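Here is how the chains run, residue by residue.
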Amino acid sequence: MNAIITPSVAREKALHALGQLPPFNPVLAKLMATLAREDVMLTDLADWIEKDAVLAGNVLRIVNSAAYGRSASISSVRQAIAILGTVKLRNIILAMQVARMMTQLKLPKGWSDTRFNQHAIATALMADLLAQYLPVDYAEGAFIAGLMHDLGKLMFAVGLPEAYSEVCQMQKQSGRPAIECESELLGVTHPELSLAVLEKWQLPLPIRAAVRHHHAPDENAAGPGLLSLSRALQVADQAINGLGITLLPTDQPPVDPTPLLEEVGLKSKAERVIDAFHKDLSAMKAGI
């Protein structure tokens with residue numbers, strides 16, 4: 001590293017990038033306020049979406065994608081909501097809006113916005129599926145936790161581009177996890193920074209905790225018989241990295257996530273979860 005960066009300086013510079021994040025637009029702000037609610041009104045969702053032509057077009061593109069195999073074209077946002085369901089549609093819109101917001105940042109050369117968004121969305125979809133098929137603590141937060149889990153890497157890239165480039169180089173050459181390279185070179189890690197972003201956005205505490213600890217989950221944090229949200233997020237992240245949907249390019253062949261999913265209790269349902277994941281990811285790509 002050309003200049004020594006202490007942990008406190010690294011953290012300060014990375015957190016300074018928080019100030020460069022654009023504010024939530026009205027649709028995203030309203031959706032964030034409904035994260036803990038399942039009773040989002042269909043009419044409210046339709047009203048919000050119809051006020052944004054780009055968003056409405058993307059929603060219709062998703063519901064009409066080959067992944068859903070509709071025999072007749074859907075041309076109404078309200079029809080799309082009825083088909084997808086309010087919770088799934090809310091997740092889709094959150095992914096779209098967050099991805100759109102990130103494109104407004106000034107990003108360093110070599111940073112792939114596309115790879116970052118693909119990994120975030122894929123992890124969110126997998127975490128949400130785990131929460132549907134397993135008894136996960138605070139299951140309603142799985143999608144947004146997956147979507148936000150690596151925001152700290154974005155903060156590094158914006159606030160410390162040269163130093164973070166060295167982190168990525170170390171990770172690529174050594175094969176060590178990103179979190180170890182960050183700790184060694186910068187003294188602060190991306191989960192810590194991700195937590196700072198979620199604190200600024202005032203997301204629910206269980207989501208903040210899951211993101212902060214997704215590399216080292218505390219199973220005691222969940223209630224009896226429940227899988228902790230941080231463990232579900234860890235498994236989702238590992239499964240997606242294994243499939244090759246990574247921030248850094250990889251020449252490793254894809255790894256079947258079945259054993260990993262079976263390890264957390266999906267003995268007979270792993271194949272169903274993987275099929276559902278590929279379907280949802282294909283549909284999401286149609287709109288983002």
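These lines cover the structure that appears in this document, whether it is placed above or below. (Residues numbered from 1 in each chain as written. Predicted model: local features only at pLDDT ≥ 70, side-chain atom pairs only at ≥ 80, totals over all residues. Heavy atoms only, no water.)

Some thoughts on the environment of Ala 10
Piece 1. Mapped onto the elements of the fold, Ala 10 is located in helix α1 (residues 7–16).
Piece 2. Along the chain, Ala 10 and Thr 189 lie 179 residues apart, while their C-alpha atoms are 9.8 Å from each other.
Piece 3. Residues contacting Ala 10, with those up to four places away along its chain left out, are Ile 5, Leu 160, Leu 186 and Val 188. (Helix = DSSP H or I, 4+ residues; strand = E, 2+ residues; numbered from the N terminus. Contact = heavy atoms within 4.5 Å.)

Some remarks on unusual backbone geometry
Piece 1. Despite not being glycine, Tyr 138 shows a phi value in the positive range, around 55°.
Piece 2. With respect to the helices, strands and loops of the structure, Tyr 138 is situated in the loop between α7 (113–133) and α8 (142–148).
Piece 3. Relative accessible area serves as the criterion here: at 19%, Tyr 138 is assigned to the buried category. (Buried < 20%, exposed > 50% of the residue type's maximum accessible area, 1.4 Å probe, protein only.)

Points about helix α11 (residues 178–186)
Quick reminder: α-helices carry 3.6 residues per turn. Residues three or four places apart thus point the same way.
Piece 1. Those residues of α11 that fall on the buried side of the exposure criterion are Ala 178, Cys 181, Glu 182, Leu 185 and Leu 186. All buried residues of α11 lie within an arc of 100° about the axis, which places them on one face of the element.
Piece 2. Next to the buried residues of α11 lie α1, α9 (151–159), α10 (161–174) and α12 (190–200).
Piece 3. Looking one or two places after α11, you find Gly 187, whose phi comes out positive at around 80°. (Arc of directions from axis to C-beta.)

Digging into the environment of Lys 109
Piece 1. Position of Lys 109 relative to the elements: it lies in the loop between α6 (86–102) and α7.
Piece 2. Sequence-wise, Lys 109 and Ala 286 are 177 residues apart; in three dimensions their C-alpha atoms are separated by 26 Å.

Side note on the packing of aromatic side chains
Piece 1. Evaluation of the coordinates by the stated rule reveals two aromatic pairs.
Piece 2. Seen in terms of ring centroids, Trp 111 and Phe 116 are 5.4 Å apart; in terms of plane orientation they differ by 45°. Their pairing is tilted. Of the two residues, Trp 111 and Phe 116, neither departs from the other in class, the shared state being buried.
Piece 3. When the ring of Phe 156 is compared with that of Tyr 164, the centres are 5.4 Å apart and the planes differ by 15°; the resulting orientation is stacked.
Piece 4. Since its relative accessible area comes to 0%, Phe 156 is described here as buried.
Piece 5. What makes Tyr 164 buried here is its relative accessible area of 4%. (Phe/Tyr/Trp six-rings, centres within 6.5 Å; stacked < 30°, edge-to-face > 60°.)

What to know about the packing of α12 against helix α13 (residues 205–212)
Piece 1. Contact geometry for α12 and α13: axes closest at 8 Å, N-to-C directions at 165°. Relative to α13, α12 is oriented roughly antiparallel. For the crossing formed where α12 meets α13, the hand is right-handed. Across the interface between the two elements, Pro 191, Glu 192, Ser 194, Leu 195, Leu 198 and Glu 199 of α12 pack against Ile 207, Arg 208, Val 211 and Arg 212 of α13.
Piece 2. Residues that form the contact of α12 with α13 fall into these classes: five nonpolar, one polar and four charged. (Axes fitted to C-alpha atoms, helices over the stretch in contact; angles between N-to-C directions. Parallel < 35°, antiparallel > 145°, perpendicular 65-115°, else oblique. Left-handed = near helix turned anticlockwise from the far one by under 90°. Nonpolar A, V, L, I, M, F, W, Y, C, P; charged D, E, K, R; others polar.)

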